[in-house]
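# Chains, contacts and geometry: an overview
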Amino acid sequence: MPGSCSIRALWILANQDTVVFSRRFPVVEKRWRAACERDKSLIEDDLKYTVVPSLPTDSEIAAAFIDRKKREGSARGFGIRINHSVEGSDSWVDDPITRHIISLYTKNEQEETNRTLWPLVLHIKDHYCILVLPLVEPHHLKTYTRMCKRSDCGNAVGADESLSALLLNLPSITGAFMVGHMIGDIITGNVTEPEIVISASPSVGGLLDSLTGSIGISARAKPVAAPVAGSTASGAATSGAMTSDAPKIGLRPLDRDAIRSFISSAMPFGTPLDLNYTNISAVKINGFSSADIPPADQKQPAWKPYLYRGKQRILFTIHETVHAAMYDRDEIPDSITISGQVNCRAELEGLPDVMFPLIGLDTARVELLSFHPCAQVPEHGNEKQTLMFSPPLGNFVLMRYQALCGMRPPIKGFYQLSMVSENEGAFLFRLRLMEGYRAPLSMDFCTVTIPFPRRRVLSFEGTPSIGTVSVAEHFVEWKIITTGRGVSGKSVEATFPGTVKFAPWQPQRLPSSGAVLGNMEDEESDAETESTNNMANVEDFLMEKMNKDLQAVDLEEPFCWQAYDYAKVSFKIMGGSLSGMSIDPKSVSIFPAVKAPVEFSTQVTSGDYILWNTLGKCPVAATPKA
């Protein structure tokens with residue numbers, strides 16, 4: 001089989017453990033049967049059941065999934081071998097990857113032996129479970145079956161057979177994950193394009209620009225492509241796939257139609273061709289036209305099904321997200337990291353190439369890099385790296401990276417909290433914002449939230465040195481800088497002392513200390529006797545205990561599970577990046593040459609920016625000494 005991705009079938013299950021949508025691909029399934037016939041090693045008695053004449057029905061898949069949840073303890077399973085694991089289960093393989101790549105054992109009504117389906121990529125999105133079955137070689141299934149019967153626990157380093165090493169050599173696994181994630185986004189409506197910050201006014205205005213921009217085509221654009229592309233997609237949609245008679249529940253007709261349309265265009269014969277939902281939506285809405293045909297000496301890439309026609313321009317946005325853990329302790333160093341991406345929108349006619357040097361790409365700060373398939377990286381350097389790409393339509397992520405912060409933390413300081421009585425706590429904030437930052441960097445807004453998930457706030461006292469305070473039932477919010485009153489070119493000192501009173505603590509019945517995991521088997525047995533649809537789920541059990549049943553560990557930190565209390569900071573910074581990454585619009589070159597304005601913008605937003613209580617307990621990971 002070629003080293004590519006092909007999908008044998010996929011299923012979508014609702015939280016009632018019923019299959020609400022499925023699709024089988026007979027073309028790929030025929031290749032699987034042919035491979036099984038060629039592989040004579042599968043005629044061994046202990047593996048004969050793995051060669052199945054046809055894929056199981058939807059009801060058999062649902063029953064097998066329910067059985068696996070009972071056997072593995074949850075939808076995803078434990079991942080590693082524990083005393084609950086049984087021989088032949090995924091957790092028996094003792095590899096965490098089995099939480100995402102699972103197997104199902106189905107049984108036909110006319111047969112008594114189990115039939116194995118593997119590898120099934122499991123993607124959970126909201127209350128849907130998406131199962132994608134990619135095509136692999138029969139000997140890969142044989143290897144996995146052998147792993148499920150090993151007596152040893154775990155895959156030792158350098159062992160002959162390792163599940164993770166096996167999967168890394170299968171490109172179909174990566175493709176199946178992409179298919180599962182894309183279908184999950186379609187079901188939940190989370191298909192969004194990367195954000196481009198545009199300073200210029202809209203070309204036509206308002207609603208028209210927003211509608212056309214959402215499908216990746218300018219309001220003045222005239223989508224054009226080679227007519228052969230349209231006939232190929234439409235012709236393949238009817239012959240390569242077969243829809244099952246899945247029960248018509250759990251998915252709205254609109255969702256079902258969107259999935260069918262996506263599959264017919266993105267993977268008509270089971271082999272993914274283009275998983276870009278923007279391209280597929282544009283093809284469906286606009287169709288194709290033969291008004292313009294690409295030059296004969298240029299090949300039209302898959303990521304650009306249309307040739308743009310209209311006013312030309314290029315937009316770049318560097319969007320960075322800052323994650324930080326601030327401790328204000330001598331024994332624990334503060335941690336601050338940046339994840340960033342270069343978003344682009346190139347409205348250029350024809351099939352041009354764009355090239356520019358990326359400024360600030362210092363290997364001492366940038367730790368990880370990945371690029372869009374359209375990009376080429378011909379030159380490397382310590383400070384500059386030249387990128388060349390053939391841009392697709394619409395907004396896309398040209399590059400992703402992870403880096404260390406090249407500047408001081410945008411917010412530095414401490415948060416202290418202590419209990420002065422059983423139902424009253426005193427806290428103190430002392431922060432410095434934008435220290436060492438100069439124009440054009442500016443902070444658009446900054447908000448600090450103090451959560452109290454286990455206590456109900458009755459009253460609050462305290463006046464901050466700057467900003468306003470609002471109180472809700474389970475948190476206090478301090479708005480230091482509000483939108484429209486940004487701070488630029490100067491640092492800001494902010495202090496906030498206060499006290500907060502809570503409703504009296506209501507003790508709850510709990511198992512004895514330290515017996516949560518020890519009593520898990522009894523809890524699971526009770527759950528199973530209540531209802532077959534409300535099965536034992538270890539993950540749900542733990543979350544329920546964390547969210548409802550666990551008391552505060554002690555009086556000093558009664559706010560979060562395991563005695564962790566913190567404040568979370570949210571902010572946005574405009575005018576530059578914190579990693580030093582930048583693009584000079586004057587250095588952007590287009591081939592063949594064309595006059596097109598280039599706009600560049602940056603924005604920095606907070607991710608998990610946490611101020612841990614200096615006086616309380618805090619989680620920390622050990623780091624190796626340099």
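What comes next concerns the included structure. On a predicted model such as this, the values are computed, not experimentally measured, just so you know.

## Side note on the overall build of the chain
Regarding its fold elements, the chain presents 11 helices and 25 strands. The buried share among the 626 residues of the chain stands at 48%. Counted over contacts in the chain with a minimum sequence separation of 6, partners at least 24 positions apart contribute 73%. Of the roughly 30200 Å² of accessible surface on the chain, a fraction of 53% belongs to carbon and sulfur atoms.

## Here we look at the nonpolar core
Within soluble globular proteins, side chains that are nonpolar tend to cluster in buried spots. One finds Leu10, Ile12 and Phe262 to be the most contacted residues of the largest nonpolar core, which totals 44 residues. By residue number, the principal contributor to this core is helix 5 (residues 171-188), which donates 7 residues. When near neighbours in sequence (up to four residues on either side) are disregarded, Phe262 contacts Met182, Ile183, Ile186, Met267, Leu275, Tyr277 and Ile280. In this structure, Ile338, Leu441, Tyr609 and Leu611 belong to the second largest nonpolar core, which totals 41 residues.

## Points about helix 5
Along its 18 residues, helix 5 runs 26 Å from first to last C-alpha, staying within 8% of the 26 Å computed at 1.5 Å per residue. Among the residues of helix 5, Ser172, Ile173, Gly175, Ala176, Val179, Gly180, Met182, Ile183, Gly184, Ile186 and Ile187 are the ones counted as buried. One or two positions beyond helix 5, positive phi appears at Gly189, with a value near 75°.

## Points about the side chain of Ser577
With respect to the element layout, Ser577 can be found in the loop between strand 22 (566-574) and strand 23 (582-583). Engagement of the side chain of Ser577 in a polar contact is seen with the backbone nitrogen of Gly580, the distance being 3.4 Å. Side-chain polar atoms of Ser577 contact the backbone oxygen of Met581, separated by 2.6 Å.

## Some points on the pattern of salt bridges
Between side chains of opposite charge, pairing is possible as soon as their charged atoms come close. In the structure shown here, the tally under the stated rule is 16 salt bridges. For the salt bridge of Arg8 with Glu29, the shortest nitrogen-to-oxygen distance reads 2.9 Å. Taken together, the residues span a long stretch of sequence, with Arg8 in strand 1 (residues 7-13) and Glu29 in helix 1 (residues 26-38) at a distance of 21 residues. Assigned by exposure class, Arg8 and Glu29 land together as buried. Arg432 is the salt-bridge partner of Glu435, the closest N and O atoms lying 3.3 Å from each other. The partly exposed category is assigned to Glu435, whose relative accessible area is 28%. Through salt bridges that share partners, Arg408, Arg432, Glu435 and Glu493 make up one connected network.

## Describing the sheet that holds strand 15 (residues 424-433)
Taken together, 4 strands build an open sheet; the order of strands is 14-15-21-17 and the sheet is antiparallel. Only two strands of the sheet have a single partner each, and these edge strands are strand 14 (411-421) and strand 17 (457-461). On average, adjacent strands in this sheet sit at an angle of 20° to one another, irrespective of strand direction. Strand direction decides the pairing type here: strand 15 and strand 21 (residues 492-502), joined by 10 bridges, are antiparallel. Its bridge partner being in strand 21, Arg432 is matched across the sheet by Glu493.

## With respect to helix 2 (residues 58-72)
Helix length check: helix 2 (15 residues) gives 21 Å between terminal C-alpha atoms against 21 Å at 1.5 Å per residue, within 8%. Within the sequence span of helix 2, burial applies to Asp58, Glu60, Ile61, Ala62, Ala64, Phe65, Arg68, Lys69, Arg71 and Glu72. On its buried face, helix 2 is in contact with strand 1, strand 2 (19-24), strand 3 (101-106), strand 4 (115-125) and strand 5 (128-134). Two residues or fewer past helix 2, Gly73 is found with a positive phi of approximately 95°.

Cut-offs applied
- Residues numbered from 1 in each chain as written.
- Predicted model: local features only at pLDDT ≥ 70, side-chain atom pairs only at ≥ 80, totals over all residues.
- Heavy atoms only, no water.
- Helix = DSSP H or I, 4+ residues; strand = E, 2+ residues; numbered from the N terminus.
- Buried < 20%, exposed > 50% of the residue type's maximum accessible area, 1.4 Å probe, protein only.
- Contact = heavy atoms within 4.5 Å.
- Areas by Shrake-Rupley, 256 points an atom, 1.4 Å probe, with all protein chains shown as cover.
- Core = buried A, V, L, I, M, F, W, Y, C linked by side-chain atoms within 4.5 Å.
- Expected span 1.5 Å × (residues − 1).
- Polar contact = N/O pair within 3.5 Å; in protein donor to acceptor, adjacent residues only side chain to side chain.
- Salt bridge = Lys/Arg side-chain N within 4 Å of Asp/Glu carboxyl O.
- Pairing = 2+ DSSP bridges.
- Axes fitted to C-alpha atoms, helices over the stretch in contact; angles between N-to-C directions.

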